[in-house]
Amino acid sequence: MTSETDLTRSQRGRLTLGAVLLGILLGVVMIAANAYGATAGRPPVVDGTSYAGIPAQRNVLGTPDAKVEIVIYNDFQCVYCGKLHAEAEAQIIDQYVRPGKARLEIRQYPTYGEESVRAAEAAQAAADQGKYWEYRDLLFQNRQGVNKGNFSDENLVRWAGELGLDQVIFANSLATGNHRAEVEGELQEAERLGVSSVPTVFIDGQKVEGAQPFAVYQQIIEEELAK
Amino acid sequence: MITSIRQGATLERSQVEAQRQSRLLVLALGLLSILGIGLAGYMSYTDLLGSVPVCGGVGDCETVHTSAYAYLATVPVAVFGLLSYMGITALALVRWRAKGTLGYLASLGILVLASSGTLFSAYLTYVEFFVIDAVCPWCVASAVTITVSLALAATDVAAQTRRG
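Residues numbered from 1 in each chain as written. Chains lettered and ligands numbered in written order. Predicted model: local features only at pLDDT ≥ 70, side-chain atom pairs only at ≥ 80, totals over all residues. Heavy atoms only, no water.

Trainee: Account for the overall build of chain A, with residues named and values stated.
Mentor: When its secondary structure is counted, chain A shows nine helices and six strands. Counting all 227 residues of chain A, 44% fall into the buried class. Element-wise, carbon and sulfur atoms account for 55% of the exposed surface of chain A, whose accessible area totals about 10800 Å². (Helix = DSSP H or I, 4+ residues; strand = E, 2+ residues; numbered from the N terminus. Buried < 20%, exposed > 50% of the residue type's maximum accessible area, 1.4 Å probe, protein only. Areas by Shrake-Rupley, 256 points an atom, 1.4 Å probe, with all protein chains shown as cover.)

Trainee: I'd like to hear about the pairing of strand E6 (residues 206–209) of chain A, residue by residue, with values.
Mentor: Residue and element names in this part refer to chain A. Judged from the four bridges that link them, strand E5 (residues 200–203) and E6 form a sheet pairing that is antiparallel. The partner of Thr200 across the bridge, within E6, is Glu209. The turn linking E5 back onto E6 is made up of two residues, and Asp204 within it adopts a positive phi angle of 45°. (Pairing = 2+ DSSP bridges.)

Trainee: Pulling in residues and values, what's your account of the interface of chain B and chain A?
Mentor: Of the residues lining the interface, 36 residues belong to chain B; the matching set on chain A comes to 33 residues. Across the chain B to chain A interface the summed buried area is about 2900 Å²; carbon plus sulfur atoms make up 61%. On the surface where chain B and chain A come into contact, there are zero salt bridges. Our count for the chain B to chain A interface comes out at eight residue pairs in polar contact (both at pLDDT 80 or more). Mapped onto the side of chain B that touches chain A, the elements with two or more residues apiece are helix H2 (61–65), strand E1 (71–72), helix H3 (77–97), helix H4 (100–130) and helix H5 (137–163) of chain B. Per element, the largest residue contribution to the side of chain B that touches chain A is 13 residues, and it comes from H4(B). Residue classes in the side of chain B that touches chain A are distributed as 19 nonpolar, 11 polar and six charged. (Contact = heavy atoms within 4.5 Å. Buried area = accessible area lost by both parts, 1.4 Å probe. Salt bridge = Lys/Arg side-chain N within 4 Å of Asp/Glu carboxyl O. Polar contact = N/O pair within 3.5 Å; in protein donor to acceptor, adjacent residues only side chain to side chain. Nonpolar A, V, L, I, M, F, W, Y, C, P; charged D, E, K, R; others polar.)

Trainee: Residue-level account of the confidence of the model for chain B, with values.
Mentor: All names here are of chain B. Averaged over all residues, the pLDDT of chain B is 88; the fraction at 70 or higher stands at 92%. Per-residue pLDDT, averaged within each element of chain B, yields its smallest value for H2 (81) and its largest for H3 (96). As scored by the predictor, the complex reaches a pTM of 0.60 and an ipTM of 0.87. (pLDDT = per-residue confidence, 0-100.)

Trainee: Describe the pattern of salt bridges, listing the residues and the values that go with them.
Mentor: Residues and elements named next belong to chain A. The tally for this structure, following the rule as stated, stands at 16 salt bridges over all chains. When the shortest N-O distance is used, the salt bridge between Asp94 and Arg98 registers 3.6 Å. Under the relative-accessibility criterion, Asp94 is labelled partly exposed at 47%. Exposure remark for Arg98: the relative accessible area of 35% places this residue in the partly exposed category. Taking the shortest distance from any N to any O, the salt bridge between Glu121 and Arg180 comes out at 2.8 Å. With Glu121 in helix H4 (residues 114–128) and Arg180 in helix H8 (residues 180–192), this residue pair connects regions lying 59 residues apart in the sequence. Salt bridges linked by common partners bring Glu114, Arg118, Glu121, Asp153 and Arg180 together as one network.

Here it is as structure tokens:
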């Protein structure tokens, strides 16, 4: 066994200092990597070109005669809906919706609370002015917590302004609640279809729950395209 | 002669006392690291399964564990915590059994893991409170555990450095 006196006090002092510095260095590297990853991993700011060239009719994206129908039930306050939106959905749009193989429809299942309902109504108000998809991007990018006042009417109207929408018409739509019945109708329809959580995706009627990797959706879409 | 014997006996008693305190300290470090394995292990398990830890109405685990800050190069940060705690446990075991230089080097290893872990946990706690505005009690418990571990590790290393 090594003896206690193998290292002198000054040697131990230097080693201790080195250990402390190494610990700090490791910590700083981890912090830098995490902060960089968190910032770089955020969805790009909407520039209005993401859906360029794809036919859009309110909350339906893609050509009406596309072979495969994909329906996503989401809630704008749901974290996994945001994950699906940022990851697999973007790939589905690029690989299947943009080339006209599939059309994508978004329906609301706002069960997280009043702010989910208001956000869903706001998305429909944006659809009135032809910016449903861009506004939906903004909602997911600005999601923070659940029912913490982030989806206040004030913020919802402000974001509409950022997209160049007419804020007076938009605010009036929110104030009168003229899309509430539509949102509630989608909620009831979802329950009738057996939706119990978000996100839930239907690909030609096949239900897939949760934010799955793109490959899961890809396999089903390919099977449907091959029929 | 008698004075010399008395001095020797006093020295021996203080050495025995220092050794006893040292073993208590290492024991506490080992127990804390096992607690840390439990905390980080649970968070890693849920994160890797794609779900979130149960907060039981305290805090907002969903927001914290699904935020971009919950990952480090696509790996959940909880996994790094789990690995650190496992490393501390292994090194505490070495420290418990080995004396001399090997035991001292094990203590240094614990110091490295605990100081980097404390620094990273402090950053994550700041992010929880001031960036994403949501707190996960499991994360806070782990942050406290690693901070106390650092204090114990520093005390242990300081004692050994003083002894030379």
